[in-house]
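Here is how the chains run, residue by residue.
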Amino acid sequence: IAIDDVADDSGYAFLADVGNIINKKHPDFDPRNYGYMKLSHLIKDLKDFMLDERPIGKSGVKHVYIKNRSEE
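Chains are numbered independently. Their residues run from 1 in the order of the written sequence. The predicted origin of the model limits local features to residues at a pLDDT of at least 70 and limits the giving and counting of side-chain atom pairs to 80 or more, whereas totals for whole chains, interfaces and linings rest on all residues. Hydrogens and water molecules were not included; the side-chain quantities draw on all heavy atoms of the structure.

Here's the deal with the confidence of the model for the protein
At step 1: Known as pLDDT, the predictor's confidence for each residue is given on a scale from 0 to 100. Across the protein, the average pLDDT comes to 90, with 96% of residues at or above 70.
At step 2: Ranking the elements of the protein by mean pLDDT puts helix 1 (residues 2-6) last, at 85, and strand 1 (residues 13-14) first, at 94. For the purposes of this entry, the term helix denotes a DSSP run of H or I that reaches at least four residues, the term strand denotes a run of E that reaches at least two, and both are numbered from the N terminus.

Structure representation (C-alpha cells):
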C-alpha cells in the first residue's frame, strides 16, 4: 500500500519514500528482523515487486524504484 501512496504516473515509487511511509505506519518494522541489512535487499528477494535501479549521474549511486508486479 505504501507504494501507491508515493508512486509516479508509471506506478514506480522511490524506495526511500516507501521506507519512510512504512516506518511511519509501522515504527517497529525493521528488515533486520527478516535477515536483511537493508529494505532494498528484502524487496529484491520478494517476487511481488519489479525493481528499477536508476543511476544518478556519474557517481555510481543508484536510486531504487519499485512497482507492484500486479500492475504490469
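Once the structure has been displayed, the description carries forward.
Notes on the pairing of strand 3 (residues 61-68)
At step 1: Here, a strand pair is defined by DSSP locating no fewer than two bridges between the strands. Alignment of strand 1 against strand 3, held across two bridges, turns out to be antiparallel. Pairing of A13 across the sheet is with I66, part of strand 3.
At step 2: Pairing analysis gives eight bridges linking strand 2 (residues 49-56) to strand 3, with the strands arranged antiparallel. Opposite I56, over in strand 3, you have V61 as the bridge partner.

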